[in-house]
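Remarks on the overall topology
One-letter residues, chain by chain:
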Amino acid sequence: MSEMLRLEAVTAGYGRKEIVRNIHLVIGEGELCALLGLNGSGKTTLIKAICGLIPMESGRCLVKGQDCTRVHERKRARFISYIPQRHSKMQGVTVLDAVQMGYNPHLALLESPTALQRRQAGELLERLGLDALAGQDFAHLSEGQKQMVILARTLAQDAPVMLMDEPDSALDFLNRNQILGRIRELIHRENKAGLITLHDPNLALGYCDRLILLKGGTIAGQLEPARATKEEIRRCLSKIYGDIAVLEHRGKYVMLME
Amino acid sequence: MMSDRRRKQTFCAVSALVAAAFAVSVCVGKYPLSLMEIWTILTGGEIAEIKRSVFYTLRLPRTWMALLAGVGLGMAGAVYQIIFKNPLAAPDIIGVANGANLGAAVAIVLFGYNTLFTAASAFVGGMLVVMLVIALVRATGNPSTTTYILGGIILKAVSEACIMLLKFFADPERQLAAIEYWSMGSLGNVTAFKLLVILPFFLVGLTGLVLMRRQVALLGLEEEESRTLGVRVGLIRVTVLGFSTLLIASVICLTGLISFVGLIAPHIARLILKRTSFAACILASLAGAFILLVADCLARSIHSAEIPISILTTFIGVPCLIYFMRSRKAGRI
């Protein structure tokens, strides 16, 4: 598995306040990692620092060996894509137009999407089962459909590293599982590197290859559910969640409060 | 939801309305011309010299100006409502109109009422105030849309205070009246020469916005999203604001302030198309042109003296805005 994203001693925060300190992390091709932690542990700060929305105080971020720490937005967007917790309203924008916004980093400033790209955008919607919505107003979709459209836009952007900040936060139980399943499948099939923040450790255990536990702005532990025993998982997760129990169901694990 | 065919029909219908308003506008006024007479003039037939002169030196430049002003205000208004993510953003949101007003007032007080000089000074004033807003935003180090709006508020207030100062010291008989009249807007002073002078600025502004249309749509997203989609937000926003300021300044430096068109035309376009795409910006400019052509016809025909254009655009605009508020309540755009 070759290396896609590498963070070296990343420290970031807002103004003078450091929220995450000295983060070292490597994510490989086709690997989906979850960033777990309680509120205020620095999950969102770390994600925003990687995608350049807040400046890094020190440290470096490399994608496929290329330094992406201090580059302008246009260049970074070719290497790193981002799905925010809450997306724009996009009232009066059709689903197909919303997806085509993803081509922006690959187009010249004044260039319009090519006929090929327009066709590909349609195919992306088809792949996610959204082709019937192509001509509809984005603002009129359900939350689950909207998040799927944003995922299609991210696929159009086609960056090797995908960052996601609680993309499931507005979704119901079924949509939540559906979108995470899609994200997992895409990252494995297209050999991208994914880093996703989640609130629910059970979703992380169910869908992610590796769990990265963040506590007080530093990495408190890492865990690969497929290779760990039940006891190892319990011990690791209890570092942030306290007194917990882990149950097994057909090779999958779930966490409960004790 | 509108089909492509319906949308094309809508564009044809609105363009036809604009063409009709254009034709009416070249006919009506103190010296009415009939369409037959205009046809004779255009084909170079025999006609009284006075009619030919009215057509070429008064009617045609003025009608073109109404068309250009409507297109410019409608387009800039639609673009501003997208990039400021605010349906109440008007083209003067970052101070171009107040700057132009100040420039005009300075010229009137210092150099008397020379219309060419006033126009030049108004253009410089409008551009200068927007540049100051941009410099102010740069200085704060937080180039978000909110900072632009705050910067606009600050410089609008400063320009307003300077205008009051000038009015206070102005000669009430001639200068004060001229300043007031300028701020109500009129197309009465437009000549073919002035029109040709502002045309290059107008076209640069308009073409710039048309070319940047994809970036305008991306600026309409939340800032985090547009940045991670590869938009160099700081740079692109200043460029788009620059083009739209050029467009607006080139119009209002000749016409004076024209209220409501830049605010209303984009709403009309969105109500019709149910879209905020660039097609809606184009429809907004056609709607703006229609409103201004109609308003200008009324301005020079309902009374023996010319009525300031802002009075008419406001009376036309307000019912539209009320209709818009009602349709918003009903959950449409």
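Refer to the preceding data block for the structure.
As the structure is a computational prediction, the values presented were derived from the model and not from experiment. Along every chain, residues carry numbers that run from 1 in the direction the sequence is written. The naming scheme follows written order: chains are lettered A onward, ligands numbered 1 onward. Confidence filtering applies because this is a predicted model: local features only for residues at pLDDT of at least 70, side-chain atom pairs given and counted only at 80 or more, and all residues used for totals across whole chains, interfaces and linings.

**Some remarks on helix H3 (residues 49-83) of chain B**
All names here are of chain B. Helix length check: H3, at 35 residues, gives a terminal C-alpha distance of 50 Å against a target of 51 Å (1.5 Å per residue), a fit within 8%. Each residue is classed by its C-beta neighbour count within 10 Å, where at least 20 other C-beta atoms makes it buried, 12 or fewer makes it exposed, and intermediate counts make it partly exposed; the C-beta atoms are placed from backbone geometry. A run of H or I in DSSP becomes a helix once it reaches four residues, and a run of E becomes a strand once it reaches two; helices and strands are each numbered from the N terminus. In terms of residue burial, H3 counts as a mostly covered element, since 25 of its 35 residues are buried. Looking at the residues trailing H3, positive phi occurs at Lys85, about 50°. Between the first and last residue of a helix there are one fewer steps than residues, each counted as 1.5 Å, and that sum is the expected span.

**Description of the interface of chain B and chain A**
Between chain B and chain A, the residue contacts involve 23 residues of the former and 26 residues of the latter. For the side of chain B that touches chain A, the elements supplying multiple residues, two or more each, are helix H9 (213-219) and helix H10 (223-228) of chain B. Top element by residues in the side of chain B that touches chain A is H10(B). It accounts for four residues. A per-class count over the side of chain B that touches chain A returns nine nonpolar, five polar and nine charged. Distance between backbone-placed C-beta atoms decides contact: two residues are in contact if it is within 7 Å. Each residue receives one of three labels: charged for Asp, Glu, Lys and Arg, nonpolar for Ala, Val, Leu, Ile, Met, Phe, Trp, Tyr, Cys and Pro, and polar for the others, Gly being one of them.

**A few points about the packing of helix H4 (residues 115-127) of chain A against helix H5 (residues 143-157) of chain A**
Residue and element names in this part refer to chain A. Running from amino to carboxyl end, H4 crosses H5 at an angle of 135°, the nearest separation of the two axes being 10 Å. Here H4 lies oblique to H5, going by the angle between them. For the element pair H4 and H5, the recorded crossing hand is right-handed. Where H4 abuts H5, its residues Ala121, Leu124 and Leu125 lie against Ala152, Leu155 and Ala156. Across the contact of H4 with H5, the residue classes break down as six nonpolar, no polar and no charged. Only the contacting stretch of a helix is used when fitting its axis, a line to C-alpha atoms as for every element, and angles between N-to-C directions run 0 to 180 degrees. Should an angle fall under 35 degrees it is called roughly parallel, over 145 degrees roughly antiparallel, and 65 to 115 degrees roughly perpendicular, with every other angle called oblique. Crossings are sorted by hand: turned counterclockwise from the far helix by less than a right angle, the near helix makes the crossing left-handed, and turned clockwise it makes it right-handed.

**Some words on the pairing of strand S9 (residues 210-215) of chain A**
Residues and elements named next belong to chain A. Whether two strands pair depends on DSSP finding at least two bridges between them. Pairing analysis gives four bridges linking strand S3 (residues 31-36) to S9, with the strands arranged parallel. By the bridge assignment for S9, Ala34 is matched with Leu211. In the sheet, S9 pairs with strand S10 (residues 218-223) via five bridges, with the strands oriented antiparallel. Within S10, the position partnered with Leu213 by the bridge is Gly221. Between S9 and S10, which pair antiparallel one after the other, the connecting turn spans two residues, and Gly216 there sits at a positive phi close to 55°.

**Some remarks on the nonpolar core**
Each nonpolar core reported here comprises buried Ala, Val, Leu, Ile, Met, Phe, Trp, Tyr and Cys residues connected via C-beta atoms within 7 Å. If you look at the biggest cluster of nonpolar residues, it comprises 172 residues, and the most contacted ones within it are Ile80(A) and Val79(B). Looking at this core, the element that brings in the most residues is helix H13 (residues 278-301) of chain B, giving 16 residues. If we ignore the near neighbours within four places in the chain, the residues touching Val79(B) are Leu209(B), Val216(B), Val240(B), Ser244(B) and Cys281(B). Residues Val26(B), Ile41(B), Phe55(B) and Leu58(B) belong to the second largest nonpolar core, which totals six residues.

**Notes on the sheet that holds strand S8 (residues 193-197) of chain A**
Note on sheets: strands pair through backbone hydrogen bonds, and any given pair is parallel or antiparallel. Residue and element names in this part refer to chain A. If you walk across this open sheet you meet the six strands as S6-S7-S8-S3-S9-S10, and the pairing is mixed. The sheet is open, and its two edges are formed by strand S6 (80-83) and S10, each paired on a single side. The average angle at which neighbouring strand axes cross in this sheet is 20°, direction not considered. Bridging between S6 and strand S7 (residues 161-165) involves four bridges; their strand directions are parallel. Opposite Ser81, over in S7, you have Met162 as the bridge partner.

**Examining the packing of helix H4 (residues 96-111) of chain B against helix H11 (residues 233-255) of chain B**
All names here are of chain B. Between H4 and H11, whose axes approach to 10 Å, the crossing angle comes to 40°. Here H4 is positioned oblique relative to H11, judged by the angle of their axes. Relative to H11, H4 is oriented so that their crossing is right-handed. In contact with Val96, Ala97 and Ala100 of H4, H11 contributes Thr245, Ile248, Ala249, Ile252 and Cys253. For the contact of H4 with H11, the residue count by class is seven nonpolar, one polar and no charged.

**Details of the environment of Phe84(B)**
Residue and element names in this part refer to chain B. Among the secondary structure elements, Phe84 is positioned in the loop between H3 and H4. Among the residues examined, Phe84 registers 22 C-beta atoms within 10 Å and is labelled buried. Through-space distance from the C-alpha of Phe84 to that of Leu219 is 8.4 Å; in sequence the pair is 135 residues apart. What Phe84 contacts, discounting residues up to four positions off in sequence, is Ala89, Ile93, Thr145 and Ile149.

**What about the sheet that holds strand S4 (residues 56-63) of chain A?**
All names here are of chain A. A sheet is described by the order of its strands in space; here four strands give the open sequence S2-S1-S4-S5, paired in antiparallel fashion. Edge positions in the sheet fall to strand S2 (17-28) and strand S5 (66-67), since each of these pairs with one other strand and no more. Here strand S1 (residues 3-14) runs beside S4; their pairing, made up of six bridges, is antiparallel. Considered in S4, the bridge of Thr11 is made with Ser58. Of the strands in this sheet, S1, S2 and S4 touch helix H1 (residues 43-50), which is tilted by about 65° from S2.

**As for unusual backbone geometry**
Residues and elements named next belong to chain A. For Asn22, which is not glycine, the phi dihedral falls at a positive 50°. Relative to the helices and strands, Asn22 is located in strand S2. For Arg250, which is not glycine, the phi torsion reads 45° and is therefore positive. By the secondary structure assignment, Arg250 is in the loop between strand S11 (244-249) and strand S12 (252-257). Under the C-beta neighbour-count criterion, Arg250 is labelled exposed, with 4 such atoms within 10 Å.

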